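Residue strings, one per chain:
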Amino acid sequence: MSGPPPLVKLTAVENNEHQQYFSSLPLPEPVPNVAPVGPDNPPWGSWIALAAWMASVLLIAIVPMIFLVPYLLSQGIHARGQEELARFATSDPAALFLQMAAIIPAHLITLAVGWAVVTQFKRHPFLETLGWHSGGVRWWHYVLILVGFFAVAGVVTYLVPSEENDMVRILRSSRLVLYTVAALAVLTAPFVEELIYRGILYSPLQRAVGAPLAIVVVTLLFSAVHVPQYWGTPSTIVLLTLLSLILTVIRAKTGSLLPCVILHTVFNATQSLLMIVSPEFQPRSTTPQDVVGFLFF
């Protein structure tokens, strides 16, 4: 009966030859320690982020004008001077409604641009790449932040004198415009603006220059874009900058965009409700101006 084959015993010379052979083989390349794609390690860079931000600004400026031109032509306003054209576009209720309604397609196009940047055309999940979790923020945190902010806002608006701004004049033009702006401020503006500023802009900037400088840059860019519509109301600009700072710090601390979107939405919804239930918007009334002055739109 045959048993298992006997073990082959190598001589010292053969052992040495085997060791030399295996030691001469190339070592495998080390696997690089690459951080996974996520909110603080996005697949896009700072220049792409700045380009997306610029595109969002241009869309808000250009799309309303595209909607407005046919109406101006139908009214014969195009044949008048530049001053008359500007006055009509900023005072006629129908012209103002068209411009406000045009924000909807502008936001939709901005959302499409943001989706392309974040997902790199379906190569990465959209919400997960932005950060879509609570980040440890509880409901009572939102309440404390909102109560604290409105308390500061009351003090600032009381101490700092303000004049009527463009947004106030727009909202007083008609109830239809008021309802349109309120709907946009709640339904589209919070997500689209947070996507651009605290999502696409902040993520690569904090990786490139660090969180503190990224917070400053994003806060100032957000405030600067809103300055023209609130010009003449310094208290509103200060409060807008403060709230932008709060939102950006929340994004930095939580590593998630979701708390920013929630807080932005609740804030705008509160302001929109106050606008709608306020008395008629009279030119000399200060209460409506104080109410709408903080609106993120």
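Our subject is the structure listed above.
Note that this is a predicted model, so its numbers are computed, not measured.

Undergrad: Please set out the overall build of the protein residue by residue, giving values where relevant.
TA: Secondary structure assignment for the protein yields 14 helices and zero strands. Listed N to C, the secondary structure of the protein is α-α-α-α-α-α-α-α-α-α-α-α-α-α in terms of helices and strands. Of all 297 residues assigned to the protein, the portion counted as buried reaches 41%. Contacts spanning at least 24 positions in sequence make up 78% of the contacts within the protein whose residues lie at least 6 apart. With an accessible surface of roughly 16300 Å², the protein has 70% of that area assigned to carbon and sulfur atoms.

Undergrad: Any chance you could break down the nonpolar core for me, citing the residues and the numbers?
TA: In this structure, V118, Y197, I200 and L201 are the most contacted members of the largest nonpolar core, which totals 35 residues. Those residues within four positions of I200 in sequence are excluded, and the remaining contacts are W44, A49, A52, G114, V117, V118 and L195. Ranked by size, the runner-up nonpolar core spans 13 residues in total, among them L146, L239, L243 and L263.

Undergrad: Hey, could you go over the pattern of salt bridges for me, with residue numbers and the actual values?
TA: The full count for this structure, using the stated rule, is three salt bridges. A salt bridge links D40 to R251, with the shortest nitrogen-to-oxygen separation between them at 3.2 Å. One end of the pair, D40, is in the loop between α1 (12–24) and α2 (46–75); the other, R251, is in helix α12 (residues 234–254), with 211 residues separating them in the sequence. Residue class for R251 comes out buried when judged on its relative accessible area of 0%. R169 is the salt-bridge partner of D166, the closest N and O atoms lying 2.4 Å from each other. Of this pair, D166 and R169 both sit in helix α8 (residues 166–171), three residues apart, roughly one helical turn.

Undergrad: Go over the packing of aromatic side chains with me, naming the residues and quoting the values.
TA: In the structure shown here, the tally under the stated rule is eight aromatic pairs. For the ring pair F149 and F267, a centre distance of 5.4 Å and an interplane angle of 80° mean the geometry is edge-to-face. A residue pair is termed long-range when its members are at least 10 positions apart, and F149 in helix α7 (residues 139–159) and F267 in helix α13 (residues 258–277) qualify at 118 residues. On the accessibility criterion, F149 (4% relative accessible area) is buried. F267 gets classed as buried once you look at its relative accessible area, which sits at 1%. Taking 5.5 Å as the distance between ring centres and 20° as the angle between the ring planes, the aromatic pair formed by F150 and F267 counts as stacked. In this pair, F150 sits in helix α7 while F267 sits in helix α13, placing the two residues 117 residues apart along the sequence. We classify F150 as partly exposed; its relative accessible area is 25%. Through successive ring pairs, a cluster of aromatic residues spans F126, W132 and F191. The side chain of R198 reaches across the aromatic face of F222, ending 4.8 Å from its centre.

Reading the values: rules and limits
- Residues numbered from 1 in each chain as written.
- Predicted model: local features only at pLDDT ≥ 70, side-chain atom pairs only at ≥ 80, totals over all residues.
- Heavy atoms only, no water.
- Helix = DSSP H or I, 4+ residues; strand = E, 2+ residues; numbered from the N terminus.
- Buried < 20%, exposed > 50% of the residue type's maximum accessible area, 1.4 Å probe, protein only.
- Contact = heavy atoms within 4.5 Å.
- Areas by Shrake-Rupley, 256 points an atom, 1.4 Å probe, with all protein chains shown as cover.
- Core = buried A, V, L, I, M, F, W, Y, C linked by side-chain atoms within 4.5 Å.
- Salt bridge = Lys/Arg side-chain N within 4 Å of Asp/Glu carboxyl O.
- Phe/Tyr/Trp six-rings, centres within 6.5 Å; stacked < 30°, edge-to-face > 60°.
- Lys NZ or Arg CZ within 6 Å of the ring centre and 35° of its normal.

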